[in-house]
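Structural overview
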Amino acid sequence: MPKPIRMSPHAWVAAWAVLCAACLAATAKLNASSAPAPQPEKSVSIGCAERIADIEAQLAKAKQEGKGDGVLVFSQVQVGTEDNCRDDLHHRFRGDQ
């Protein structure tokens, strides 16, 4: 029976360090490759598009007249319908853009 190869403690530490580094690199590569694809923008309904256009026209008129620099918009929600412009209005007119 052959004798097992004896390794010094420093060699074991070096081997474990190399193994850990290889695992971390492989994990990082897998995480980067599995990033979700960007979602396409949802189209705005005709009613919401008309409402957004009306609000933009009011804003342009207010700026020309030198009145204010903001707008307060209320979204009307009809129970049982999917035509809710709240999200569309938020994405178009939020203050951080």
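Residues numbered from 1 in each chain as written. Predicted model: local features only at pLDDT ≥ 70, side-chain atom pairs only at ≥ 80, totals over all residues. Heavy atoms only, no water.

1. Focus: the overall build of the protein chain
What counts, and what does not: Here a strand is any run of E in DSSP of at least two residues, a helix any run of H or I of at least four, and the numbering for each starts at the N terminus. Each residue is assigned to one of three classes by its accessible area relative to the maximum for its type, calculated with a 1.4 Å probe on protein chains only: buried under 20%, partly exposed between the two thresholds, exposed over 50%. Throughout, a contact is declared for two residues whenever any of their heavy atoms are within 4.5 Å. Only the protein chains shown count as cover for residues, with accessible areas throughout obtained via the Shrake-Rupley method and a probe of 1.4 Å.
Summing up its helical and strand segments, the protein chain has three helices and zero strands in all. Along the protein chain, from the amino end to the carboxyl end, the secondary structure elements read α-α-α. Residues classed as buried in the protein chain amount to 6% of the 97 residues present. A sequence separation of at least 24 residues applies to 56% of the contacts in the protein chain between residues at least 6 apart. Split by element, the accessible area of the protein chain, about 9000 Å² in all, is 61% carbon and sulfur.

2. Here we look at helix α2 (residues 46–64)
Applied cut-off: For a helix, the expected span equals 1.5 Å multiplied by the residue count minus one. Of all possible arcs, the one meant is that of the directions from the helix axis to the C-beta atoms.
Between the first and last C-alpha of α2 there are 27 Å, a value that for 19 residues agrees with the 27 Å anticipated at 1.5 Å per step. By the burial criterion, the buried members of α2 are Cys 48, Ile 52 and Ile 55. Buried residues of α2, seen end-on, are gathered within an arc of 65° and therefore sit on one face of the element. For α2, the exposed residues lying more than 90 degrees away from the buried face are Ile 46, Glu 50, Lys 61 and Gln 64. Lining the buried residues of α2 we find α3 (86–93).

3. Some words on the nonpolar core
Using the following cut-off: Think of a nonpolar core as a cluster: buried Ala, Val, Leu, Ile, Met, Phe, Trp, Tyr and Cys residues, connected wherever their side-chain atoms sit within 4.5 Å.
Grouped together as the largest cluster of nonpolar side chains are five residues: Cys 48, Ile 52, Ile 55, Cys 85 and Leu 89. The dominant element in this core, judged by the number of residues it contributes, is α2, at three residues.

4. Side note on the state of the cysteines
For the record, the criterion: In plain terms, two cysteine sulfur atoms within 2.5 Å form what is called a disulfide here.
For the structure shown, the criterion picks out zero disulfides. With no disulfide of its own, Cys 20 lies 6.5 Å from the sulfur of Cys 23, the closest cysteine sulfur. A residue is classified by how much of its surface remains accessible, and Cys 20, at 42% relative accessible area, is partly exposed. For Cys 23, a relative accessible area of 46% corresponds to the partly exposed category.

5. Quick word on a nonpolar patch on the surface
Spelled out, the test is: What makes a patch is a set of residues exposed beyond 30% relative accessible area and free of salt bridges, joined within 9 Å when like-charged and within 5 Å when nonpolar (Val, Leu, Ile, Met, Phe, Trp, Tyr). Between Lys or Arg on one side and Asp or Glu on the other, a salt bridge is scored when a side-chain nitrogen of the former is within 4 Å of a carboxyl oxygen of the latter.
Judged by side-chain polarity, Ile 5, Met 7, Trp 12, Trp 16 and Leu 19 come together as a nonpolar surface patch covering roughly 620 Å² of accessible area. Structurally, Leu 19 is set in helix α1 (residues 9–33).

6. Examining the environment of Cys 48
Positionally, Cys 48 belongs in helix α2. Considering only alpha carbons, one finds Cys 48 and Asp 87, 39 residues apart in sequence, at a separation of 10.0 Å.

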